[in-house]
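One-letter residues, chain by chain:
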Amino acid sequence: MNDPVNHPSHYTAGTVEVIDVIEDWVRPAPDPVVGGLQWQVIKYISRMWLKRDPYEDARKAQWYLNRLVNTLAMEAYRDR
């Protein structure tokens, strides 16, 4: 049965729930900001084929990825 609040179908398709994968992959992030940006990229990419408009989700993931890359670049510059 689809539970749109606790276990929406676009999160539970496949053999594992997306949130479990994301939590595992983001855990080593150096800080909450970059981890949050990585979280968003993974979220949008992982479910894009299950949503009404995959192109829109790909663009959202790209927006977060660009912000993540820029954030990492600024941190690398500060550390020099």
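Parameters and conventions
Residues numbered from 1 in each chain as written. Predicted model: local features only at pLDDT ≥ 70, side-chain atom pairs only at ≥ 80, totals over all residues. Heavy atoms only, no water. Helix = DSSP H or I, 4+ residues; strand = E, 2+ residues; numbered from the N terminus. Buried < 20%, exposed > 50% of the residue type's maximum accessible area, 1.4 Å probe, protein only. Contact = heavy atoms within 4.5 Å. Salt bridge = Lys/Arg side-chain N within 4 Å of Asp/Glu carboxyl O. Polar contact = N/O pair within 3.5 Å; in protein donor to acceptor, adjacent residues only side chain to side chain. pLDDT = per-residue confidence, 0-100.

This part takes up the overall build of the protein chain. Counting secondary structure elements, the protein chain contains four helices and zero strands. Its helices and strands in sequence order give the protein chain the pattern α-α-α-α, from N to C terminus. Residues classed as buried in the protein chain amount to 25% of the 80 residues present. In the protein chain, of all internal contacts separated by at least 6 residues, the share reaching a separation of at least 24 is 40%.

Turning our attention to the pattern of salt bridges. Evaluation of the coordinates by the stated rule reveals three salt bridges. A salt bridge links R47 to D57, with the shortest nitrogen-to-oxygen separation between them at 3.6 Å. With R47 in helix α3 (residues 32-47) and D57 in helix α4 (residues 54-79), this residue pair connects regions lying ten residues apart in the sequence. Accessibility assignment for this pair places R47 and D57 in one class, buried. Notably, a salt bridge pairs K60 with E56, separated by 3.5 Å at the nearest N-O pair. Placement of the pair is K60 and E56 together in helix α4, with a separation of four residues, close to one helical turn.

We now examine the side chain of T71. Topologically, T71 is positioned in helix α4. Here the side chain of T71 touches R67 through a polar contact of 2.8 Å, landing on its backbone oxygen. Beyond its immediate chain neighbours, meaning those up to four positions away, T71 contacts V33, V34 and L37.

Of the residues in the protein chain, 80% have a pLDDT of 70 or more, and the chain-wide mean is 88. Considering each helix and strand of the protein chain separately, the mean pLDDT is smallest for helix α1 (residues 9-12), with a value of 62, and largest for α3, with 96.

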